[in-house]
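What the coordinates show
Below are the chains, spelled out letter by letter.
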Amino acid sequence: MKTIIWMLIGGAVGFFGMYAVLTADIKLEFAPVAFEMNIALLAITAVLLITAAVSIVQMKKKSKLYLTGEKEDKRDVWQYKRFSDTSLIVTAAMAVGISAIAIAIITDQPSWLMISSIIIGALTFILSITLSSIVNSLYPDRELPDVSAKDYSQKLLAVSDEGERHVMLEGLYRAFNTMNLILILTLLLLIIYSAVTGDSQLFSIFIIGMILIGTNAQYLFAIRNKT
Amino acid sequence: MRTRLKELRARDGLNQTELAKRAKVSRQTISLIEREEFIPSLLIAVRIAAIFNEAIEEIFIFDKEEL
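Keep in mind that what you see is a predicted model, and the values were worked out from it rather than measured.

**Examining the overall build of chain A**
For chain A, the count of helices and strands is eight helices and zero strands. Ordered by position in the sequence, the α and β elements of chain A form the string α-α-α-α-α-α-α-α. Over its C-alpha atoms chain A spans a radius of gyration of 23 Å, topping by over 25% the 17 Å that the globule rule assigns to 227 residues. Along the longest, intermediate and shortest principal axes, the C-alpha atoms of chain A span 70 × 55 × 35 Å. Sequence separation of 24 or more characterises 63% of the internal contacts of chain A that already satisfy a separation of 6 or more. As displayed, chain A has an accessible area near 15,600 Å², and 71% of this comes from carbon and sulfur atoms. Distance between charge centres in chain A, computed from 18 positive and 18 negative side chains, equals 5 Å.

Here it is, written out as structure tokens:
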């Protein structure tokens, strides 16, 4: 009974919310703020890049220290956490950098801004490769694959031990479920955006739909074949 | 599952990194086992037991309900 009431309330809120949004004449224009937005995104990417570069230097420096006992363990914990944080920073830099390139190209910004965006975007990729390559110097005792090796990520997974895989599985499973939910919410948001602004987002909606089907099919085929 | 790993490491003067090297696993795995967040495979349990020269059941202790 309680569920039915909540469903009715949700339906009513959705109906009237959508009705209000559709009757209001809302126009979202990026063009007037595109230049400032592009500069801001470039600045954010640059700050993230510098932070990641400093972090990489610090990790390399610390990995060369000869430590024993508890200090050695503490250094390993610090390195592990710092590496994870830096990976997140580089990924964020890459996403923001790509957004900056997208704005520069789509809104036809001055060529110097377009070139700067592409250079900073390329730097994020270089830093991402640099970060992957320092794993070998952080863990010299382990036989880790070379970053340029074919199927690097699969080889890295293969050399991970059971404890590391347990941690990765927990994290990836949570991330996979969150991604599924976020992609569905994004689809809804794009539908609402298209309806409200009259600016069709059907292409993005199809692409996201295909990503949803593709990633879920890959996961389900992987588990269903392990009978 | 309870574990005496930390106690045995202290007894033998081993840090997590050193124990991990001897057991051929990562320090993270040793840390997870010590924090009782992960039950190791039989192979790793045997290796750890051999390092401390103890029986497996003396290191990894299960409650009756778990068995």
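**Structural notes on the layout of surface pockets**
Residue and element names in this part refer to chain A. Volume-wise, the second largest pocket comes out at about 420 Å³. What lines the second largest pocket is a set of 14 residues, among which Phe30, Ala102, Ile103, Ile106 and Thr107 lie closest to the centre. Listed by contribution, the elements that provide at least two residues to the lining of the second largest pocket are helix 2 (34–63) and helix 3 (69–106). The dominant element in the lining of the second largest pocket, judged by the number of residues it contributes, is helix 3, at four residues. Residue classes in the lining of the second largest pocket are distributed as 10 nonpolar, two polar and two charged.

**Considering helix 2 of chain A**
If you check helix 2 of chain A, its first and last C-alpha atoms are 43 Å apart, about what 30 residues at 1.5 Å a residue would give, namely 44 Å. Each element contacted by the buried residues of helix 2 of chain A is listed here: helix 3, helix 4 (111–133) and helix 5 (135–138) of chain A.

**Here's the deal with the packing of aromatic side chains**
Residues and elements named next belong to chain A. One pass over the structure, following the stated rule, counts three aromatic pairs over all chains. Ring plane angle 50° and centroid distance 6.4 Å describe the contact between Tyr173 and Tyr219, whose orientation is recorded as tilted. A residue pair is termed long-range when its members are at least 10 positions apart, and Tyr173 in helix 7 (residues 162–197) and Tyr219 in helix 8 (residues 202–224) qualify at 46 residues. Residue classification places Tyr219 among the partly exposed residues on the basis of a relative accessible area of 30%. Plain terms: the ring middles of Phe176 and Tyr219 are 5.1 Å apart, the flat faces sit at 45° to each other, and that makes the pair tilted. With Phe176 in helix 7 and Tyr219 in helix 8, this residue pair connects regions lying 43 residues apart in the sequence. Residue classification places Phe176 among the buried residues on the basis of a relative accessible area of 17%.

**Here we look at the nonpolar core**
Residues Ile56(A), Met59(A), Val90(A), Leu127(A), Leu131(A) and Ile134(A) are the most contacted members of the largest nonpolar core, which totals 22 residues. The biggest single contributor to this core is helix 2 of chain A, with seven residues. Once residues lying within four places of it in the same chain are set aside, the contact partners of Leu127(A) are Leu49(A), Ala52(A), Ala53(A), Ile56(A) and Val90(A). Core analysis: the next-biggest nonpolar cluster, separate from the first, contains 19 residues, Leu14(B), Leu19(B), Ala20(B) and Ile59(B) among them.

**A closer look at the interface of chain B and chain A**
In many reports, interface size means the accessible area that the parts give up when they come together. The partner chain A presents 15 residues to the 17 residues of chain B that form the contact. Counting the surface lost from both chain B and chain A, the interface buries some 1,200 Å², and carbon and sulfur atoms represent 47% of this. At the junction of chain B with chain A, the criterion picks out three salt bridges. One salt bridge in this structure joins Asp76(A) and Arg27(B), with 2.5 Å as the shortest N-O distance. At the surface where chain B touches chain A, the tally comes to 11 residue pairs in polar contact (both at pLDDT 80 or more). At the level of secondary structure, the elements contributing two or more residues to the side of chain B that touches chain A comprise helix 2 (16–23) and helix 3 (27–34) of chain B. Looking at the side of chain B that touches chain A element by element, the count peaks at four residues for helix 3 of chain B. Among the residues forming the side of chain B that touches chain A, the class breakdown is six nonpolar, seven polar and four charged.

Reading the values: rules and limits
Residues numbered from 1 in each chain as written. Chains lettered and ligands numbered in written order. Predicted model: local features only at pLDDT ≥ 70, side-chain atom pairs only at ≥ 80, totals over all residues. Heavy atoms only, no water. Helix = DSSP H or I, 4+ residues; strand = E, 2+ residues; numbered from the N terminus. Rg over C-alpha atoms; globule rule 2.2 N^0.38 Å. Contact = heavy atoms within 4.5 Å. Areas by Shrake-Rupley, 256 points an atom, 1.4 Å probe, with all protein chains shown as cover. Lys, Arg positive; Asp, Glu negative; His and termini not counted. Charge placed at Lys NZ, Arg CZ, Asp CG, Glu CD. 1 Å grid on protein atoms, 1.4 Å probe; cavity = no way out; pocket = protein on both sides within 12 Å on 5 of 7 lines; lining within 4 Å. Points joined across faces, edges and corners; volume = space filled by probe spheres on them. Nonpolar A, V, L, I, M, F, W, Y, C, P; charged D, E, K, R; others polar. Expected span 1.5 Å × (residues − 1). Phe/Tyr/Trp six-rings, centres within 6.5 Å; stacked < 30°, edge-to-face > 60°. Buried < 20%, exposed > 50% of the residue type's maximum accessible area, 1.4 Å probe, protein only. Core = buried A, V, L, I, M, F, W, Y, C linked by side-chain atoms within 4.5 Å. Buried area = accessible area lost by both parts, 1.4 Å probe. Salt bridge = Lys/Arg side-chain N within 4 Å of Asp/Glu carboxyl O. Polar contact = N/O pair within 3.5 Å; in protein donor to acceptor, adjacent residues only side chain to side chain.

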